[in-house]
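# Understanding the architecture of this molecule
So the chains spell out like this:
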Amino acid sequence: EQGSAHVFSKIKGLSYYKEGEEDPYITFKDGEDDPEEDESDEVRIFGSDNLLLVAKTEDDISNIEVCVFEGESDNLFVHHDFMLPAFPLALEWLDYRVGRKAQEPGGGSYVAVATFEPRIEIWDLDTMDGMYPDLVLGCMDKKQLRKCRGKPHAEFHTDAVMSLSWNKNVRNLLASSSADTTVKLWDLNTAKCVQSYEHHKDKVQAVQWHPTEASVMLTGGYDQRVAAFDSRAPTAISWWTMDADVESILWDIHSPSHFFVATEAGTVRYFDIRNVTNGQGAAPIYTLVAHDEAVSAMDQHPTVAGLLVTGSADETVKVWDVREHKPSMVISRNLDVGSVFAARFCPDEPMLMAVGGSNGESRIWDMSTNADVRSTFGDASVRSMPVAEKPLVGLQKDDDEEEDDNPDAVIAEMHGDAMQPLEAKPSDDDDDEEEDDEEEEDAAMASDSE
């Protein structure tokens, strides 16, 4: 140590400290908690947490917020986010590795994003502060896109992508539907379109793979028709005609030979895919007049058969009991999100439902504590046990965000005087008043001296 000190002492301007605690540039002392570890704990996602993806547009800026819901404390917060090139229209989660991590073993956590752009972006949800998607499906040549804008093309979409569906049985396949009237099948390994279908005559609003039959898909469009077909034989199509534009479609996972269709007229229809004659589907098993306006969201409980949820532009979310093909409403609620755009059950905690709407707000609704839901779908032990209903959970703004929302505070901070109040400049009237006061004081002093 003495030798080292002697060597370093000959270097001009270099300070040597025998003990690290004496060095003023060492701020992390032995035995103290590492601040980097504390930061990693703050962003760590635990197995008990649930992720919620929220696509939104505010002030012409579109992004996706990756939110974490802590069930034990009923806390919902934004973990991280990333920006999108255009207004988002559809999201599809998948755990199939693509892009730079395609060769890594195991699954990942990705989201495919459909927007008003004629391309599909796939983002890695495990990467924070990502600037670019891991994979882009579609044409990147803007000149070529302008030439064929809105016209069907065999290799890529030419208009907004409206719906996405990942094939959980053939995991490298992603289906998309578009305003260019086509449905496309993408190979995630090659990022190429392997099949294009042009059976619809108007915008294709929805596409969904069958839950068990790997090659069967369902599509619905603004031509007021629904099509079911085998992707290997796309010319053999079964058709069902609706009374309005199709808003959403849903296979019945508890009875996979049946499916739901929600329309712009506010109705939900239930069909049997086996009842087809010469390519024309039979009449619906039942028609549910669900809402006064378009049914823009629909989902069914993954484990409780007969529990169907619909959301609408009329700002309500309704729970239905559709067992034995005899639908009846269980409860109707306004969750204060505006026109309902999305309503989905949590796959890990099925009684949790996430709802988003036109107000840019998201809500987590715990149905397991609702008395009407418990009395309708619960067994005897559940019905006999009273439970206080939990309040809705939404994203809470902190104080910094509220200050950021105040335009006066933002302008003041830009000028560097956010913490210093501006001094009022005295007016001419104030100057006159001060002069009068001074004259009165002088007169009073003079009288006292006399």
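Computed from a predicted structure; not experimentally measured.

## Quick look at the overall build of the protein
In terms of regular secondary structure, the protein is built from 8 helices and 29 strands. Here the analysis covers contacts within the protein between residues at least 6 apart in sequence; of these, 42% occur between residues at least 24 apart. Here the protein has roughly 25700 Å² of accessible surface; of this, 48% comes from carbon and sulfur atoms.

## Observations concerning the side chain of Ser 109
For Ser 109, the position within the fold is in the loop between strand 4 (88-94) and strand 5 (110-115). In this structure the side chain of Ser 109 is engaged in a polar contact, spanning 3.1 Å, whose partner is the side chain of Trp 93. In this structure Ser 109 touches Trp 93, Leu 94, Trp 123, Asp 124, Leu 125 and Asp 126, once residues within four positions along its chain are discounted.

## A short note on the sheet that holds strand 17 (residues 258-263)
Judged by pairing direction, the sheet is antiparallel, and its 4 strands sit side by side in the order 16-17-18-21 without closing on themselves. Edge strands, defined here as strands with exactly one partner in the open sheet, are strand 16 (246-251) and strand 21 (286-289). Direction aside, the axes of adjacent strands within the sheet are offset by 20° on average.

## Some points on the sheet that holds strand 10 (residues 183-187)
Spatially, 8-9-10-11 is the arrangement adopted by the 4 strands of the open sheet, whose pairing is antiparallel. The open sheet terminates on both sides in strands that have one partner only, identified here as strand 8 (161-166) and strand 11 (192-197). Across this sheet, the average inter-strand angle for adjacent strands is 25°, counted without regard to direction. Relative to strand 9 (residues 173-178), strand 8 runs antiparallel, the two being bridged by 5 bridges. Residue Leu 164 lies in a different strand from strand 9, and its bridge partner there is Ser 176.

## Focus on a positive patch on the surface
Positive charge collects at one region of the surface, where Lys 142, Lys 143, Arg 146 and Lys 147 lie side by side. Tracing the backbone through its elements, the reader meets Lys 143 in helix 3 (residues 142-147).

## Focus: unusual backbone geometry
Of note, Thr 181 is a non-glycine position whose phi angle comes to about 75°, a positive value. Using a relative accessible area of 19% as the deciding quantity, one classes Thr 181 as buried. Within the chain, Asn 278 stands out as a residue other than glycine whose phi angle is a positive 55°. Within the secondary structure, Asn 278 is located in the loop between strand 19 (276-277) and strand 20 (280-281). Asn 278 gets classed as exposed once you look at its relative accessible area, which sits at 82%.

## Examining the packing of aromatic side chains
A ring pair, where both rings are aromatic, is described by two values, the distance of the centres and the angle of the planes. Applying the stated criterion across every chain, the model contains 10 aromatic pairs. Measuring from centroid to centroid gives 4.3 Å for Phe 82 and Trp 123, while their planes differ by 15°, and the two rings are stacked. Within this pair, whereas Phe 82 is found in strand 3 (residues 75-83), its partner Trp 123 is found in strand 6 (residues 120-124), the two being separated by 41 residues in sequence. A relative accessible area of 5% means that Phe 82 is categorised as buried. An angle of 70° between the planes, with centres 5.8 Å apart, marks the rings of Trp 251 and Phe 259 as edge-to-face. Positioned over the ring face of Trp 239 is Arg 225, at 3.7 Å from the centre of the ring. Taking the ring centre of Trp 365 as reference, the NZ or CZ of Arg 333 above it sits at 5.0 Å.

## Let's talk about the pairing of strand 12 (residues 204-209)
By the criterion of burial, strand 12 is predominantly enclosed, with 5 of the 6 residues buried. Once strand 12 ends, the chain turns through 6 residues before running back antiparallel as strand 13 (residues 216-221).

## Here we look at the nonpolar core
If you look at the biggest cluster of nonpolar residues, it comprises 22 residues, and the most contacted ones within it are Ile 120, Ile 122, Leu 137, Leu 174 and Leu 188. Only strand 4, strand 5, strand 6, strand 7 (135-137) and strand 8 provide two or more residues apiece to this core. Sequence-distant contacts of Leu 174, that is, excluding residues within four places in its chain, are made with Glu 92, Ala 112, Ile 120, Leu 137, Leu 164, Ser 165, Trp 166, Lys 184, Leu 185, Trp 186 and Leu 188. Membership of the second largest hydrophobic core comes to 18 residues, among which are Leu 335, Val 337, Met 353 and Val 355.

## Some words on the confidence of the model for the protein
Predicted coordinates in areas of low pLDDT are best not read in detail. Across the protein, pLDDT averages 86, with 79% of residues at or above 70. Here residues 409-427 is modelled with pLDDT under 50, and outside its nearest four sequence neighbours on either side it reaches 8 contacts, counting other chains as well. Contacts for the low-pLDDT stretch residues 443-450, under 50 throughout, to residues beyond four places or in other chains number 0 contacts.

## Points about the pattern of salt bridges
Inspection of the entire model under this criterion finds 18 salt bridges. Two residues, Arg 100 and Asp 134, come together in a salt bridge whose shortest N-O distance is 3.4 Å. With Arg 100 in the loop between strand 4 and strand 5 and Asp 134 in the loop between strand 6 and strand 7, this residue pair connects regions lying 34 residues apart in the sequence.

## Side note on a nonpolar patch on the surface
On the surface, Phe 87, Leu 89 and Phe 116 cluster together into a nonpolar patch covering about 270 Å² of accessible area. Mapping Phe 87 onto the fold places it in the loop between strand 3 and strand 4.

## Here's the deal with the side chain of Ser 215
Of note, Ser 215 is situated in the loop between strand 12 and strand 13. Once residues within four sequence positions are removed from consideration, Ser 215 is found in contact with Trp 209, Phe 229, Asp 230, Ser 231 and Arg 232.

## What about the environment of Leu 125?
For Leu 125, the position within the fold is in the loop between strand 6 and strand 7. A sequence separation of 32 residues divides Leu 125 from Trp 93, and the C-alpha atoms of the two residues are 9.6 Å apart. When residues no more than four places from it in sequence are discounted, the contact partners of Leu 125 are Leu 53, Val 66, His 80, Phe 82, Trp 93, Ser 109, Tyr 110 and Val 111.

## Points about the environment of Ser 375
One can find Ser 375 in helix 4 (residues 371-377). At a separation of 3.0 Å, a polar atom in the side chain of Ser 375 contacts the main-chain carbonyl oxygen of Asp 372.

## Regarding the pairing of strand 10
By the criterion of burial, strand 10 is predominantly enclosed, with 5 of the 5 residues buried. Across the two faces of strand 10 the burial is the same, with Val 183, Leu 185 and Asp 187 and Lys 184 and Trp 186 all buried. Inspection of the sheet shows strand 9 paired to strand 10 by 5 bridges, in the antiparallel sense. Bridged to Leu 174 within strand 10 is Trp 186. Here strand 10 hands over to strand 11 after 4 residues, with Ala 191 in that stretch at a positive phi of 60°.

Procedures and definitions
- Residues numbered from 1 in each chain as written.
- Predicted model: local features only at pLDDT ≥ 70, side-chain atom pairs only at ≥ 80, totals over all residues.
- Heavy atoms only, no water.
- Helix = DSSP H or I, 4+ residues; strand = E, 2+ residues; numbered from the N terminus.
- Contact = heavy atoms within 4.5 Å.
- Areas by Shrake-Rupley, 256 points an atom, 1.4 Å probe, with all protein chains shown as cover.
- Polar contact = N/O pair within 3.5 Å; in protein donor to acceptor, adjacent residues only side chain to side chain.
- Pairing = 2+ DSSP bridges.
- Axes fitted to C-alpha atoms, helices over the stretch in contact; angles between N-to-C directions.
- Patch = residues over 30% accessible without salt bridge, like charges linked within 9 Å, V, L, I, M, F, W, Y side chains within 5 Å.
- Salt bridge = Lys/Arg side-chain N within 4 Å of Asp/Glu carboxyl O.
- Lys, Arg positive; Asp, Glu negative; His and termini not counted.
- Charge placed at Lys NZ, Arg CZ, Asp CG, Glu CD.
- Buried < 20%, exposed > 50% of the residue type's maximum accessible area, 1.4 Å probe, protein only.
- Phe/Tyr/Trp six-rings, centres within 6.5 Å; stacked < 30°, edge-to-face > 60°.
- Lys NZ or Arg CZ within 6 Å of the ring centre and 35° of its normal.
- Core = buried A, V, L, I, M, F, W, Y, C linked by side-chain atoms within 4.5 Å.
- pLDDT = per-residue confidence, 0-100.

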